[in-house]
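Coordinate inspection notes
The chain contents come next:
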Amino acid sequence: MTDSIDQLCIDTIRALSMDAIQKANSGHPGLPLGMAPAAFVLYADVMKHDPADVDWQDRDRFVLSAGHGSMLLYSALHLAGYDLSMDDIKSFRQWDSRTPGHPEREHHDGGWRTPGVEVTTGPLGQGFANGVGMAIAEQHLRHTFGEEVQDHHVFAIVSDGDLMEGIASEAASLAGQLGLGKLVYLYDDNDISLDGPTSLSFDGEDVSARFEAYGWHVLEVGDANDVAALREAIAAGKAETGRPTLIHVKSIIGYPSPNKQGTSGAHGSPLGDEEVRLTKEAMGWDPDKTFFVPEGVYERFQAGARKGAEKRSAWQGRLDTLKGDAAKAELWDKAWVGEALPGVGEALAPGKIDWGKPALATRAAGKMAMAAFDSFVPTMVGGAADLTASTNTIFPGGDDERLTRDHVGRNVFFGVREHAMGGIVNGMACHGGIVRPYGSTFLQFADYMRGSIRLSALMQLKVAWVYTHDSVALGEDGPTHQPVEHLAGLRAIPGLTVIRPADPLETAEAWRVVLEELPGPAVLVLSRQNLPVMEGAPVDRLGQGAYVVRTTEEPPQAVIVATGSEVHTALEAADLLAADGLHAQVVSMPSWELFDAQDDGYKQSVLPLGVPKVSVEAGISMGWAQYVDASVSIERFGASAPGDEVLERLGISAAATAAKVKELIG
């Protein structure tokens, strides 16, 4: 079923994977052994890629959703000629290695990127959803710039574990709904999970029938070692342009290990020195040779890469033609560095948007801000999880901007699929060319997306998470829909910037900061209830995280610090204190993370040393102790009642805030 050199290439993937895992004494050998033929076919024959230019915008993308099998990917990348050396292979799972235990697109500190790794995978199902986002990005950019410069596929290897995860089911359903014909996924069906055979939990369904019901094109390959059948199925998948394709591949985990193939023992632990020797002998290899690449293997792998280089060269000529149009050239260049076109800041400046009324919910202000910056981010794509009418996160244009099976638009209606939405938005960002893709729902339901939010921070992706209905003030829907611990939970994620604007002006400025200044992911937290416009407030300082909204003629006796809607509560509390002859300075602190990045001089100008400080926020007080001496907060779940009453009964009021200040200063 294979030519001898092809078999040698496949077995080299297996041998390198076994050796690296054995040297690390840690890892998952089963998938690399079983699916080595698929990796070989993709990297040596099928995919359009050029290891000399890992950021080539029209390359095919590959996602190893089953990220635990990372040595499969690293071996293929090394053999295909990517800048991943044999020393890197030998450093598998070691400190500061470019071959970590699960594939990482970029180190969390903004450092190295493993060449050829498109997304950080590990939590099962995330990569599946990421690939859907990549396909949406490819489709949008092909529509925007033309198939001459954007016309490629997204491939993935997904596992039984991926397909057990709800995120994969949600993403598969949406991919079928949208008819994403550029997706070709290989399902590694090996009948084994970590606990044992998949019959323990996953033999009661027909996966192929499930995906057919989702609207996918489903193909079958009965033996993962049948290279000809793999090539034929992948070609058929690429030829199907109206549906995503799932190639159901039956494999043997750990093949050809004599004693561990087909068992859970091959899944998550090294084979052991003796079993590695036996496996190499079964392949006809010298068991005493480690990290060995036979003659001809590099040449066979890299012949495919040379074809990719030729395609990239031809593509460059087409891109040069496109960039002969100055406007298209600017849009292309800005899109691929994730930046808005010049002018977005001016469009969002105070006085540029007519809010129409003296008070407005920040979710409504957010919609108006999106309309104002619409033309400056023509490759921004996103949507809400069946809550567009509530979150107001939508670009103008109606059906002309709605993404459907038959129409390419910027507004994605994700349906009630928060989990998949998170992974899909990350995938769009990983693909590139989509400026600040976004996903939106109620703040309470950010919990369904936490894995994706965390990964966006780990990868430092330029994404926006827009969450509305930000507190118990949403009222009658009750505690199931009222977030109280969510701000603290989001602020706990390293590398994530959380911004909770206090009024429409801060909302517009927050969007400007997100579009023009932030290098990584941002969360915008917006209100359901109307909030007064703070005319004259220095909202241009929002990018510094906190600023003085109101000071006093006399030296302040206290500082009241608030976020979002509670800034207005703080202002009212300052008025009550002034009536009693007490001087309180009021600070709006929309973002802890932005404030923490300022120098000490600025921080002390906003939060002066030696002055008692009180925070007021409609959520738990966790974390506030680093800034203030006391907090007005909510340390319980909410209740179903009108929002104003819930706030009052739970102690979020001007009177309660003033009383806390008095208690603090004595």
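For clarity, every value in this text was computed on a predicted model and none was experimentally measured. (Residues numbered from 1 in each chain as written. Predicted model: local features only at pLDDT ≥ 70, side-chain atom pairs only at ≥ 80, totals over all residues. Heavy atoms only, no water.)

**Some details on the overall build of the chain**
The cut-off we apply is this: Numbered from the N terminus, helices here are DSSP runs of H or I no shorter than four residues, and strands are runs of E no shorter than two. This radius of gyration counts C-alpha atoms alone. The globule rule is 2.2 Å times how many residues there are, raised to the power 0.38. For the exposure calls, accessible area comes from a 1.4 Å probe over protein chains only, and a residue counts as buried if that area is under 20% of its type's maximum, exposed if over 50%, partly exposed in between. Note on contacts: a residue pair qualifies if any of its non-hydrogen atoms lie within 4.5 Å across the two residues. Only the protein chains shown count as covering a residue, and every accessible area follows the Shrake-Rupley method with a 1.4 Å probe. Under the counting rule used here, the positive set is Lys and Arg, the negative set is Asp and Glu, and His together with the chain ends is not counted. Each charge is placed at NZ for Lys, CZ for Arg, CG for Asp and CD for Glu.
Within the chain, the secondary structure is distributed over 25 helices and 20 strands. Here the C-alpha radius of gyration of the chain, 27 Å, is about what a compact globule of 666 residues would show, namely 26 Å. C-alpha extents for the chain along the principal axes are approximately 90 × 55 × 45 Å. Looking at the chain as a whole, 61% of its 666 residues are labelled buried. Taking all contacts inside the chain whose residues are at least 6 apart in sequence as the whole, residues at least 24 apart take part in 76%. Approximately 23,800 Å² of the chain is accessible, and the part contributed by carbon and sulfur atoms is 49%. Positive and negative side-chain charges in the chain, numbering 54 and 91 respectively, have mean positions lying 2 Å apart.

**Some points on the UniProt feature "domain: Transketolase-like pyrimidine-binding" (unreviewed entry) in the chain**
We apply this condition: UniProt positions are given in the numbering used here, feature names are shortened, and annotations may be inferred rather than shown by experiment.
The residues that UniProt annotates with the feature "domain: Transketolase-like pyrimidine-binding" (unreviewed entry) are residues 360–533. Its end C-alpha atoms 7 Å apart, residues 360–533 is made of 33% helix and 16% strand.

**Notes on the packing of helix 6 (residues 126–145) against helix 17 (residues 418–431)**
Note the threshold: Only the stretch in contact is used when fitting a helix axis, every axis being a line fitted to C-alpha atoms; angles between N-to-C directions are given from 0 to 180 degrees. Note that the term roughly parallel is reserved for angles under 35 degrees, roughly antiparallel for angles over 145, roughly perpendicular for angles of 65 to 115, and oblique for everything else. Take the far helix as your reference; a near helix turned counterclockwise from it by less than a right angle gives a left-handed crossing, and one turned clockwise gives a right-handed crossing. Residues are grouped as follows: nonpolar covers Ala, Val, Leu, Ile, Met, Phe, Trp, Tyr, Cys and Pro; charged covers Asp, Glu, Lys and Arg; every other residue, Gly included, is treated as polar.
Taken N-terminus to C-terminus, the directions of helix 6 and helix 17 make an angle of 55°; their axes are 6 Å apart at the nearest point. Taken as axis vectors, helix 6 and helix 17 run oblique relative to one another. Crossing of helix 6 against helix 17: the hand is right-handed. Along its contact with helix 6, which presents Gln126, Ala129, Asn130, Val132, Gly133, Met134, Ile136, Ala137, Glu138 and Leu141, the element helix 17 presents His419, Ala420, Gly423, Ile424, Asn426, Gly427, Met428, Cys430 and His431. Of the residues in the contact of helix 6 with helix 17, the class split is ten nonpolar, eight polar and one charged.

**Considering the sheet that holds strand 13 (residues 497–499)**
Our working definition: Should DSSP find at least two bridges between two strands, the strands are taken to pair.
Across the sheet, six strands lie side by side as 10-9-11-12-14-13; this open sheet has parallel pairing. The outermost strands of the open sheet, each flanked by one partner alone, are strand 10 (411–413) and strand 13. Sheet twist, expressed as the mean angle between neighbouring strand axes with direction ignored, is 20°. Taken together, the three bridges between strand 9 (residues 382–384) and strand 11 (residues 438–442) define a ladder with parallel strand orientation. Counterpart to Ala384 in the pairing with strand 11 is Ser440. Packing against the sheet, helix 17 makes contact with strand 9, strand 11 and strand 12 (464–468), and its axis sits at approximately 160° to strand 11.

**Here we look at helix 15 (residues 362–373)**
Rule in force here: The span one expects for a helix is its residue count, reduced by one, times 1.5 Å. When we speak of the arc, we mean the arc of directions from the helix axis to the C-beta atoms.
For helix 15, built from twelve residues, the straight-helix expectation of 16 Å at 1.5 Å per residue is met to within 8% by its first-to-last C-alpha distance of 16 Å. Residues of helix 15 that are buried include every one of Thr362, Arg363, Ala365, Gly366, Ala369, Met370 and Phe373, and no others. Summarising the axial view, the buried residues of helix 15 lie within an arc of 150°, below the 170-degree limit, and thus occupy one face.

**Quick notes on the sheet that holds strand 18 (residues 584–588)**
Spatially, 16-18-17-19-20 is the arrangement adopted by the five strands of the open sheet, whose pairing is mixed. A strand with exactly one partner marks an edge of an open sheet, and here the two such strands are strand 16 (547–550) and strand 20 (630–632). The average angle at which neighbouring strand axes cross in this sheet is 30°, direction not considered. When strand 17 (residues 558–562) meets strand 18, the two strands line up parallel, connected through five bridges.

**Here we look at the packing of aromatic side chains**
Our working rule: Here is the rule: rings of Phe, Tyr and Trp (six-membered ring for Trp) pair when centre to centre is within 6.5 Å. Planes less than 30 degrees apart are stacked, more than 60 are edge-to-face, and the remainder are tilted. Geometrically, a charge over a ring is one whose NZ (Lys) or CZ (Arg) sits within 6 Å of the ring centre while staying within 35 degrees of the ring normal.
Here the structure, examined in full by the defined rule, presents 24 aromatic pairs. Ring geometry for Phe145 and Trp332: centres 5.0 Å apart, planes at 80°, overall edge-to-face. Taken together, the residues span a long stretch of sequence, with Phe145 in helix 6 and Trp332 in helix 13 (residues 326–336) at a distance of 187 residues. Between Trp315 and Trp332 the ring centres are 6.4 Å apart and the planes differ by 45°, which places this aromatic pair in the tilted class. Taken together, the residues span a long stretch of sequence, with Trp315 in helix 12 (residues 297–322) and Trp332 in helix 13 at a distance of 17 residues. For the pair shown, Trp315 and Trp332 are each scored as buried. The side chain of Arg491 reaches across the aromatic face of Trp592, ending 4.1 Å from its centre.

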